[in-house]
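Structural characterization, general
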Amino acid sequence: MYSQKHSINRLLILTLFLIVVSLFTVVSTADAASKWNLENGKWTYSIDGVKQKNWVYDGSWYYLNSRGEMQTGWLKDGRSWYYLSSKGAMQTGWVKNGGSWYFLEKNGSMKTGWLNNGGKWYYLNSNGSMKTGWLASGSQWYYLASSGKMLENEWVLSNGKWYYMNGNGTMKTGWLVLGDNWYFLDTSGSMVSGWKQINQKDYYFYYSGIMAANTMVEGYKLGSDGARITDTTKPVFSGNLNVVIQMGETFNPFEDIYAHDDMDGDLTFQIQMTGLVDVNKSGEYILTYSVSDKSNNTSTVNRTVTVIDSIAPVLSGIQDSKINFGELFNPLDGISAVDNNDGDITANIQVSGSVDINKAGEYFLTYSISDQSGNSSSAERTVTVIDHILPVISGAEDITVGLNRPFDILNGVIAMDNNDGDITSTIQTNGIVDINTEGEYKITYTVYDAAGNMTQIERIITVKKINVTSVSISAPNSMKTGKNVQLLALISPTNATNQQAVWLSSDPSVAVINESGVLTALSEGIVEITAIVDSISTSKTITVSDRPNLHLYKSTSVLINGLYKSLGITLNNYEQTETVSISKVEIFQNNSLFSSYSAETLQNSGISTTIAPNSNWGVSFNFALGIRENQSKIVVTVIAQNGKSYLYSIDI
């Protein structure tokens, strides 16, 4: 309302200004020749023969458009709306147009928002039309009668519900006192009737909305403050809450259970019960009893009824048995358990002990069963696994061995049993083999398992001279000076009679070999080693060199228009025990030295110059102007542990 009053003040100032202007205009038009003219059905207004435009005053205010024609009806000038009668005169006060009422200020501008007219408040919509019915303004609700007047201190019946409007026109909510009567209006503003809980208290309001007090309603007593007076004390149960009966015994669930209320007295016959007891099924049953007094105070209690079963279940089908080794065996096949209360409880049988069908012997199983009442039975059973499978001897095939060659008749011969596993150590042999005399020899192998199953086989071993057919040498392709390597002569067939090789070196100044095949490298060079067995010979070329086994390669690069702007190299050391060091790194372009980096320069740049065995070393270079691709080369000089220098290069 504060902003509305200020708007009214501004309107009064504007009205005074327009009155002054209008007086000046009247004087001007009175002194000059003016007249209204009807042109083509349109009224115009001229002063001294000049057709006027915009606002003119001639007893009333009129508005002439850009063509000088008089306007009627609604007109928007600037930010304000005006209403011109059918004769063109500007209207003020209340105007009805198109079924709606509008209010025009004294200066003719259309009013919007709150309006106090004749001491009564009205509300005009944003389009100027007078509002009726409910209005939400700010956080408050108002009600405007069909006349547009805001209702104050009045009841309003809207959509079948009653509402009360305060003295400032706002809709009332909560408690309302009118004279000696109390009313309650909910959060929507509608008057409450019937029962209503407010702040956890129950109240009753008549159809008229008046709160009932100091009376009885629907059997409930209401106090002087209108709140319902209630009994908050719950009824009390008594009796036996833990009952034990034998299975099959008759049971009455309402026997020995009572209820009493401090206000209503004995409520035993009003007790309600849920739950069920099966007297033919042992177990614990829970019955729930509930009772309510007239004030709806409800008590509940649980009663435990235990039906006892004392008869043990019966196991059937348990007897000793024998099975063959490896035969499938289910310890529960043919076994059952039945209980007088639980019925078939075979699925609950527990078996302790186990039978290994792949291991001969006697096994003891214990069967046990319990019913739901804890009654139990048990029985024992012996299961014998019989082993009738013979052990197996392998590796005793007929064989030819070389004359004068060592031979063990048990070498490679094994005995396995399905039950005992590896019984090779128990093999017995009959017969001998003379490896120094050619001929055929028969050997008999015999073995027994723990079950007494016996296996026996015969074997023919032929002793004769076996000639060498080929020889090859097992040796490295290269070695370093001062090192010794054991070479091997690989003789075929492996059982040839002669297994002794004669070794020869093509250049004893490079490497020498003894009669046992141990090769000693003396100086760098290439040597050919020959092995001769039974006039069959073979040779192996070996390089003696102290050059470390290193590999240099390009690891990273940035190439722009055929020029390397940066380049990274990596040097791998494949030696197992030798550490090498970098002496210098040189970069060539078109076979001319481009740049060189000594070990000291690298170390001053924080780059290590040693490469441990089985590790790598790397370095990166940046070239401001770049070096040409496919026309450059990097050379790394490496010093070995013997003090010699070796070059490793890569074309880039």
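Residues numbered from 1 in each chain as written. Predicted model: local features only at pLDDT ≥ 70, side-chain atom pairs only at ≥ 80, totals over all residues. Heavy atoms only, no water.

1. Focus on the overall build of the protein chain
Scanning the protein chain from terminus to terminus reveals two helices and 60 strands. The C-alpha atoms of the protein chain give a radius of gyration of 61 Å, which is well past the 26 Å a tight globule of 652 residues would have. In terms of overall dimensions, the protein chain has a C-alpha envelope of 160 × 110 × 55 Å along the principal axes. In the protein chain, which comprises 652 residues, the proportion classed as buried is 38%. Counting every atom, the protein chain has about 37000 Å² of accessible surface; 48% of that belongs to carbon and sulfur. (Helix = DSSP H or I, 4+ residues; strand = E, 2+ residues; numbered from the N terminus. Rg over C-alpha atoms; globule rule 2.2 N^0.38 Å. Buried < 20%, exposed > 50% of the residue type's maximum accessible area, 1.4 Å probe, protein only. Areas by Shrake-Rupley, 256 points an atom, 1.4 Å probe, with all protein chains shown as cover.)

2. Some words on the environment of Ile652
As for its placement among the helices and strands, Ile652 is situated in the segment after β60 (645-651). It is 9.5 Å that separates the C-alpha atoms of Ile652 and Gln589, two residues lying 63 residues apart in sequence. Not counting residues up to four positions away in its chain, the partners in contact with Ile652 are Tyr564, Leu567, Ile627, Arg628, Glu629, Asn630, Ser632, Lys633 and Ile634. (Contact = heavy atoms within 4.5 Å.)

3. Points about the packing of aromatic side chains
Scanning all chains against the criterion turns up 31 aromatic pairs. Plain terms: the ring middles of Trp74 and Trp81 are 6.5 Å apart, the flat faces sit at 80 degrees to each other, and that makes the pair edge-to-face. Cation over ring: Arg228 sits above Trp195, and NZ or CZ is 6.0 Å from the ring centre. Sitting above the plane of the Tyr648 ring, Arg547 keeps its charged end 4.0 Å from the centroid. (Phe/Tyr/Trp six-rings, centres within 6.5 Å; stacked < 30°, edge-to-face > 60°. Lys NZ or Arg CZ within 6 Å of the ring centre and 35° of its normal.)

4. Focus on the pattern of salt bridges
The final tally for this structure, using the stated rule, is 10 salt bridges. Between Glu39 and Lys51 there is a salt bridge, with its nearest N and O atoms 3.2 Å apart. Here Glu39 is found in strand β1 (residues 34-39), whereas its partner Lys51 is found in strand β3 (residues 50-51), with 12 residues between them in sequence. Between Lys442 and Glu458 there is a salt bridge whose closest N-O contact spans 3.9 Å. With a gap of 16 residues between them, Lys442 in strand β42 (residues 439-448) and Glu458 in strand β43 (residues 454-464) connect regions that are remote in the sequence. (Salt bridge = Lys/Arg side-chain N within 4 Å of Asp/Glu carboxyl O.)

5. Some points on the pairing of strand β18 (residues 194-198)
Sheet topology places β18 next to strand β19 (residues 201-205); five bridges connect them, and they run antiparallel. Paired with Gln197 across the bridge in β19 is Asp202. (Pairing = 2+ DSSP bridges.)

6. Digging into the side chain of Gln52
Of note, Gln52 is situated in the loop between β3 and β4 (54-57). In terms of polar contacts, Gln52 uses its side chain to reach the backbone carbonyl oxygen of Val50, at 3.0 Å. Beyond its immediate chain neighbours, meaning those up to four positions away, Gln52 contacts Tyr45, Ser46, Ile47, Leu64 and Gly68. (Polar contact = N/O pair within 3.5 Å; in protein donor to acceptor, adjacent residues only side chain to side chain.)

7. Observations concerning the environment of Ile443
Turning to its location among the elements, Ile443 is positioned in strand β42. With residues up to four places along the chain from it excluded, the contact list for Ile443 reads Ile409, Thr429, Asn430, Gly431, Ile432, Val433, Ile457, Glu458, Arg459 and Ile461.

8. Concerning the nonpolar core
Of all hydrophobic cores here, the largest spans 25 residues; its most connected members are Leu571, Ile582, Trp617, Ile634 and Val636. Listed by contribution, the elements that provide at least two residues to this core are β53 (550-560), β54 (563-573), β55 (580-589), β58 (615-628), β59 (632-639) and β60. Of all the elements, β58 adds the most residues to this core, at five residues. Each residue touching Ile582, except ones within four places of it in the same chain, is listed here: Leu571, Ala599, Leu602, Thr609, Ile611, Trp617, Val636, Thr637 and Val638. Membership of the second largest hydrophobic core comes to 22 residues, among which are Val471, Met479, Leu519 and Val527. (Core = buried A, V, L, I, M, F, W, Y, C linked by side-chain atoms within 4.5 Å.)

9. A short note on the sheet that holds strand β28 (residues 283-292)
Ordered in space as β24-β29-β28-β27, the four strands form an open sheet in which the pairing is mixed. For this open sheet the edge positions go to β24 (242-246) and β27 (272-274), each flanked by a neighbour on one side alone. Going from strand to strand, the sheet's axes swing by 25 degrees on average, the running direction of each strand aside. In the sheet, β24 pairs with strand β29 (residues 298-308) via five bridges, with the strands oriented parallel. Following the sheet pairing, Ile245 is matched in β29 by Val307. (Axes fitted to C-alpha atoms, helices over the stretch in contact; angles between N-to-C directions.)

10. Considerations on the sheet that holds strand β25 (residues 257-261)
An order of β23-β25-β26 is seen for the three strands of this open sheet, with the pairing classed as antiparallel. Edge positions in the open sheet fall to β23 (236-239) and β26 (265-266), since each of these has one partner strand only.

11. Let's talk about the side chain of Thr637
Note on placement: Thr637 falls in strand β59. Exposure remark for Thr637: the relative accessible area of 6% places this residue in the buried category. Setting aside residues no more than four positions away along its own chain, Thr637 makes contact with Ser581, Ile582, Ser583, Lys584, Ser645, Tyr646 and Leu647.

12. Brief notes about the confidence of the model for the protein chain
When pLDDT is averaged along the protein chain, the result is 91; 95% of the residues meet or exceed 70. Confidence over residues 1-32 falls short of pLDDT 50; this stretch has 26 contacts with residues more than four positions distant or in other chains. (pLDDT = per-residue confidence, 0-100.)

13. A look at the environment of Tyr648
Its place among the elements puts Tyr648 in strand β60. As a C-alpha pair, Tyr648 and Ile634 span 14 residues in sequence and 8.4 Å in three-dimensional space. A polar side-chain atom of Tyr648 sits 2.7 Å from the main-chain carbonyl oxygen of Pro548.

14. Some thoughts on unusual backbone geometry
Keep in mind that most residues, glycine aside, have a negative phi and that most peptide bonds are trans. Residue Pro493 is bonded to the preceding Ser492 through a cis peptide linkage, with omega at -5 degrees. Structurally, Pro493 is set in the loop between β47 (488-492) and β48 (502-505). The backbone of Gln200 shows a phi angle near 65 degrees, a positive value even though the residue is not glycine.

15. Thoughts on the pairing of β29
Pairing of β28 with β29, which is carried by 10 bridges, proceeds in the antiparallel orientation. Its bridge partner lying in β29, Tyr285 is registered against Val305. Here β28 folds back onto β29 in antiparallel fashion, the turn holding five residues, of which Asn296 has a positive phi close to 65 degrees.

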